[in-house]
Amino acid sequence: MTAGGHARWDVDTLRRSLAANPELVVLTVEQCVAVSEALADDDARQAEVMLYAARYPRATFSVDEGFTEAELRWVERIRALGEALCRVTKPRYQLDPVAAYFWQQVRDHLAARIEAGEFDRWLPNRELLALEYGVSVRTVDRAIRELAGKGLVVSFPSKGTALA
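I will try to describe carefully the structure that is included in this document. Fair warning: this is a prediction, and the values are worked out from it, not measured in the lab.

What follows covers the pattern of salt bridges. Enumeration over the complete set of coordinates arrives at nine salt bridges. For D108, the salt bridge is made with R107, and the minimal N-O distance between the two is 3.0 Å. We classify R107 as buried; its relative accessible area is 13%. Here E146 makes a salt bridge to R107, at a shortest N to O gap of 4.0 Å. With a gap of 39 residues between them, E146 in helix α8 (residues 137-149) and R107 in helix α6 (residues 102-115) connect regions that are remote in the sequence. Linked by salt bridges that have partners in common, R45, E48 and E71 make up one network.

Structure (structure tokens):
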């Protein structure tokens with residue numbers, strides 16, 4: 001619980017809640033801020049359209065359905081702000097829970113992606129990689145340390161991780 005009495009959610013709790021109740025709507029912090037800003041600007045229609053787009057991410061919105069160009073921009077904005085949640089609930093890469101430790105699987109997969117030339121000069125930040133693999137940042141950090149030990153990457157504090 002936070003000081004304000006709100007429940008704290010970790011990724012595993014969030015996944016379990018979404019699996020138990022697929023109708024549950026969870027907004028990202030960025031989505032909440034965008035809707036709050038719309039309400040602060042006294043634009044109830046913008047907040048309504050944004051919340052509807054967040055609630056029904058597969059719904060279609062078009063001018064033919066009566067939406068204005070401004071409303072379509074709001075839909076795109078709120079959906080872009082919600083992409084992080086999709087990565088949290090559905091990792092891009094599936095790891096095998098019995099094959100090896102997760103950090104080893106992440107290390108091996110990242111090494112294969114590096115060898116394939118998927119990254120330009122820098123690796124994505126650790127938080128994004130953790131979301132892509134559905135693991136903790138510490139797991140990604142250990143995998144990157146191992147890659148650095150093999151000479152595949154070089155970490156720069158406060159800057160990121162570059163390819164060697």
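The description of an aromatic ring pair uses the distance of the two centres, along with the angle that the planes make with each other. Under the defined criterion, the tally for this structure stands at four aromatic pairs. Taken together, the ring pairs in this structure connect Y52, F61 and F67 into an aromatic cluster.

Looking at chain direction, strand β1 (residues 153-156) and strand β2 (residues 160-163) are connected through four bridges and run antiparallel. Following the sheet pairing, V154 is matched in β2 by A162. Between β1 and β2, which pair antiparallel in sequence order, lie three residues; one of them, S158, sits at a positive phi of approximately 65°.

Time to look at the packing of helix α7 (residues 126-133) against α8. At their nearest, the axes of α7 and α8 sit 8 Å apart, and the two run at 105° to each other. When the axis of α7 is compared with that of α8, the two are roughly perpendicular. On the side of α7, the interface is formed by R126, E127, L129 and A130, while α8 contributes V137, V140, D141 and I144. Per-class residue counts for the contact of α7 with α8 are five nonpolar, no polar and three charged.

What follows is about helix α4 (residues 69-81). Between the first and last C-alpha of α4 there are 19 Å, a value that for 13 residues agrees with the 18 Å anticipated at 1.5 Å per step. Within α4, burial applies to E71, L72, W74, V75 and I78. For α4, the angular spread of buried residues about the axis comes to 155°, placing them on one side. Residues of α4 that are exposed and angled more than 90 degrees away from the buried face: R73 and E76.

Thresholds applied
Residues numbered from 1 in each chain as written. Predicted model: local features only at pLDDT ≥ 70, side-chain atom pairs only at ≥ 80, totals over all residues. Heavy atoms only, no water. Salt bridge = Lys/Arg side-chain N within 4 Å of Asp/Glu carboxyl O. Buried < 20%, exposed > 50% of the residue type's maximum accessible area, 1.4 Å probe, protein only. Helix = DSSP H or I, 4+ residues; strand = E, 2+ residues; numbered from the N terminus. Phe/Tyr/Trp six-rings, centres within 6.5 Å; stacked < 30°, edge-to-face > 60°. Pairing = 2+ DSSP bridges. Axes fitted to C-alpha atoms, helices over the stretch in contact; angles between N-to-C directions. Parallel < 35°, antiparallel > 145°, perpendicular 65-115°, else oblique. Contact = heavy atoms within 4.5 Å. Nonpolar A, V, L, I, M, F, W, Y, C, P; charged D, E, K, R; others polar. Expected span 1.5 Å × (residues − 1). Arc of directions from axis to C-beta.

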